[in-house]
Amino acid sequence: MTVRTRVAPSPTGDPHVGTAYIALFNLAFARQHGGQFILRIEDTDQTRSTPESEQAIMDSMSWLGLDWDEGPDCGGEFGPYRQSERKDIYLQHVNQLLESGHAFKCYRTTEELDALRAQRQESGNSMALKPSDLKLSDDEVAKREADGAPYVIRMMVPEEGVCEVEDMLRGVIELDWSQVDAQILLKSDGMPTYHLANVVDDHLMQITHVIRGEEWISSAPKHKLLYQYFGWDMPKLCHMPLLRNPDKSKLSKRKNPTSIMFYERMGFMPEALLNYLGRMGWSMPDEREQFSRDDMFSNFDIQRVSLGGPVFDVEKLRWLNSLWLRDLDVDAFAEKFAAWGLQADKVKPIVPHIQPRVEVFSDVVPLAGHFLGGLTALTAEQFEHKAYDEDKMLATIQYGLWQLEAIRHWEKEEIETRLFTLAQQLELKVRDFLYPFFIAIAGTSATISVLDSMVLLGPDMSRARVRHALNTLGGVGKKKMKKMEKEYRQIAEAIEAKLAEG
């Protein structure tokens, strides 16, 4: 048997370090067994998936040295490797489940589903909806079908009992069927959910081992059942521990930069970041902390993975990166630094913005230094402004961050529309509104357009600097955050309406 592993990210945002972590262990396992590693793009969420995000995933994985053998860019025997290009395959398999009685059409409305869940909760049952809860009478199904009512296709699941799942690290895991709902397999738009596409693709692409995050343990019974329905052998499962923040909470962008591109933009060496990810729950036999990708592959043993939640600590990563930097000789250091920040193709986009302001070359650094920096050194005093009190400043920056996070296509026009419309909603002059964003992005208002700076810095660094500004101001507590979220809903609706007008 040839070992075949895969990673299947969704192109719906910045490429996540968690994706790189799972990809690394899949790649290491495949290489250790002389097998293949596959990149598959799970773009079934058509409202959020973007080509830019897909390209960022591939760019970031290439930068890290996570080389795949088959994928959407290089093809392979089992393509296509984008799920959006495999709709006919999924439909064929869904029809097979319908014909065998292992799936059913569900015409339930959102309101009906909410009511059913409320009933189950009131009676002390789990929130999982079963076929017996969801199925309508034949007459009602015929009526809704005749009316052209939308429907989804759900899988049949047991009402009770225990499902046993074998895990490479955890042994046999017992999961109660009462907690498993009648999962949607095909959405009303004809696109599959993760659960159907994942099982069908893994089988057709001959994946032998599925190494994924432990958040998927609760879904394992559904996947096992689908394999049984289709009469297929199930790949071996291995659920990796989740990456954690230093406070042991699940790794999140609110507490830690999570975008791979952020770390590239900060000037981390890819070898160091990959080294650090390799240490997340795993260790070399000799316990050394610094090791190369190939060293890891040569010594890899999946059984050395610890199930304790590995902590992703940026300060520890910086320390490890410093070891890699110190190993460089002078020529290599200069070459890598120039490639990171001073290559012509990186400098040229900045020049048109600073050239009209420059009298001598020594003027360049004060004007453009923030393009070569990481998180700007800030103080709360820098944000003081006559148009703001403390609460209004925090709210403005937080609302601005939420708007920046909502952008799918990072272009000046959309950044400008969202932020300027937000300024109108907050009844602030644009100049006053932009002041805290100038400070957050550049550390000063005496520089080029903050919107141009955001475009040039990219979404990862721009959002990270705005989050850093919030932290500099003391952050937003839970009570204040709830209030902000409530106030923001109306503002966000107005902004989306404005964007819809074009």
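Let me begin by describing the structure that accompanies this report. For clarity, every value in this text was computed on a predicted model and none was experimentally measured.

With that settled, consider the overall build of the protein. Helix and strand counts for the protein come out as 21 helices and 9 strands. Taking 2.2 N^0.38 as the reference for a compact globule, 502 residues should give roughly 23 Å; the C-alpha atoms of the protein span a radius of gyration of 25 Å, in line with that estimate. Its C-alpha atoms put the protein at 80 × 60 × 40 Å along the principal axes. Sorting the 502 residues of the protein into buried and exposed places 49% on the buried side. Restricting to contacts in the protein with at least 6 residues of sequence separation, those with at least 24 account for 76%. Carbon and sulfur atoms make up 49% of the accessible area of the protein, which totals about 24,200 Å². Distance between charge centres in the protein, computed from 59 positive and 76 negative side chains, equals 4 Å.

Turning to its location among the elements, Thr376 is positioned in the loop between α16 (364-368) and α17 (390-405). Judged by relative accessible area, which is 17%, Thr376 ranks as buried.

Here we come to the sheet that holds strand β3 (residues 103-106). Pairing is antiparallel across the open sheet formed by 3 strands, whose spatial order is β3-β4-β7. The open sheet has two edge strands with one neighbour each: β3 and β7 (184-186). Each strand axis lies, on average, 45° off the axis of its neighbour in the sheet, ignoring direction. Where strand β4 (residues 152-155) meets β7, 2 bridges bridge the pair, whose relative direction is antiparallel. Following the sheet pairing, Ile153 is matched in β7 by Leu186.

The residue Ile448 is located in the loop between α19 (430-442) and α20 (450-472) in this model. In this structure Ile448 comes out as buried when scored by relative accessible area, which is 2%. Look past the residues within four positions of Ile448 in its chain and what remains in contact with it is His353, Ile354, Arg357, Phe371, Phe438, Ser453 and Leu456.

Judged by side-chain charge, Glu52, Glu411, Glu413 and Glu416 come together as a negatively charged surface patch. Position of Glu413 relative to the elements: it lies in helix α18 (residues 412-425).

Another aspect to go through is the side chain of Ser453. By secondary structure assignment, the location of Ser453 is in helix α20. With relative accessibility at 1%, the residue Ser453 sits in the buried group.

Turning our eyes to something else, we now look at the pairing of strand β2 (residues 36-39). Each regular strand displays side chains that alternate between the two surfaces of the sheet. With 4 bridges joining them, strand β1 (residues 4-7) and β2 adopt parallel strand pairing. Each residue of the ladder has a partner; that of Arg4, found in β2, is Gln36. Traced from β1 through helix α1 (residues 17-32) to β2, the parallel crossover comes out right-handed.

On the surface, Phe333, Phe337, Leu342, Val347 and Leu372 cluster together to form a nonpolar patch covering roughly 410 Å² of accessible area. A total of 3 residues in the nonpolar patch trace back to one element, the largest contributor, which is helix α13 (residues 330-342). Its location among the elements puts Leu372 in the loop between α16 and α17. Here Leu372 falls in the partly exposed class, since its relative accessible area comes to 37%.

This part takes up the nonpolar core. Core analysis: the biggest nonpolar cluster contains 104 residues, and Met240, Phe312 and Phe433 have the highest contact counts within it. Looking at which element gives the most residues to this core, the answer is α1, with 11 residues. In this view, Met240 contacts Tyr21, Ile22, Phe25, Leu169, Arg170, Ile211, Arg212, Gly213, Glu214, Ile302 and Val305; residues no more than four positions away in its chain are not counted. Listed in part, the 42 residues of the second largest apolar core include Tyr90, Val157, Leu175 and Phe230.

With that settled, consider the environment of Asp313. Position of Asp313 relative to the elements: it lies in the loop between α11 (293-299) and α12 (314-326). Residue classification places Asp313 among the partly exposed residues on the basis of a relative accessible area of 27%. Taking the C-alpha atoms as reference points, Asp313 and Leu243, 70 residues apart in sequence, are found 9.9 Å from one another. Not counting residues up to four positions away in its chain, the partners in contact with Asp313 are Pro246 and Tyr276.

Right, let's get into α17. The first and last C-alpha atoms of α17 sit 23 Å apart over 16 residues, in line with the 22 Å expected at 1.5 Å per residue. Among the 16 residues that make up α17, 12 are buried, leaving the element largely enclosed by the rest of the structure. Along α17, the residues that are buried comprise Met393, Leu394, Ala395, Thr396, Ile397, Gln398, Tyr399, Gly400, Leu401, Trp402, Gln403 and Leu404. Those residues of α17 that are buried lie in contact with α18, α19, α20 and α21 (478-501). In this structure Asp389 caps α17, since a side-chain oxygen of it lies 3.3 Å from the backbone nitrogen of Asp391.

With 9 of 11 residues buried, helix α7 (residues 194-204) lies mostly within the body of the structure. For α7, the full list of buried residues reads Tyr194, His195, Leu196, Ala197, Asn198, Val199, Val200, Asp201 and Asp202. Close packing links the buried residues of α7 with β1, α3 (87-100), β7, β8 (209-213) and α8 (220-230). Gln206 sits one or two positions beyond α7 and adopts a positive phi of about 60°.

Cut-offs and rules
Residues numbered from 1 in each chain as written. Predicted model: local features only at pLDDT ≥ 70, side-chain atom pairs only at ≥ 80, totals over all residues. Heavy atoms only, no water. Helix = DSSP H or I, 4+ residues; strand = E, 2+ residues; numbered from the N terminus. Rg over C-alpha atoms; globule rule 2.2 N^0.38 Å. Buried < 20%, exposed > 50% of the residue type's maximum accessible area, 1.4 Å probe, protein only. Contact = heavy atoms within 4.5 Å. Areas by Shrake-Rupley, 256 points an atom, 1.4 Å probe, with all protein chains shown as cover. Lys, Arg positive; Asp, Glu negative; His and termini not counted. Charge placed at Lys NZ, Arg CZ, Asp CG, Glu CD. Pairing = 2+ DSSP bridges. Axes fitted to C-alpha atoms, helices over the stretch in contact; angles between N-to-C directions. Patch = residues over 30% accessible without salt bridge, like charges linked within 9 Å, V, L, I, M, F, W, Y side chains within 5 Å. Salt bridge = Lys/Arg side-chain N within 4 Å of Asp/Glu carboxyl O. Right-handed = clockwise from strand over helix to strand, strands pointing away. Core = buried A, V, L, I, M, F, W, Y, C linked by side-chain atoms within 4.5 Å. Expected span 1.5 Å × (residues − 1). Polar contact = N/O pair within 3.5 Å; in protein donor to acceptor, adjacent residues only side chain to side chain.

So, to be careful, I would describe these as geometric facts and stop short of saying anything about function.
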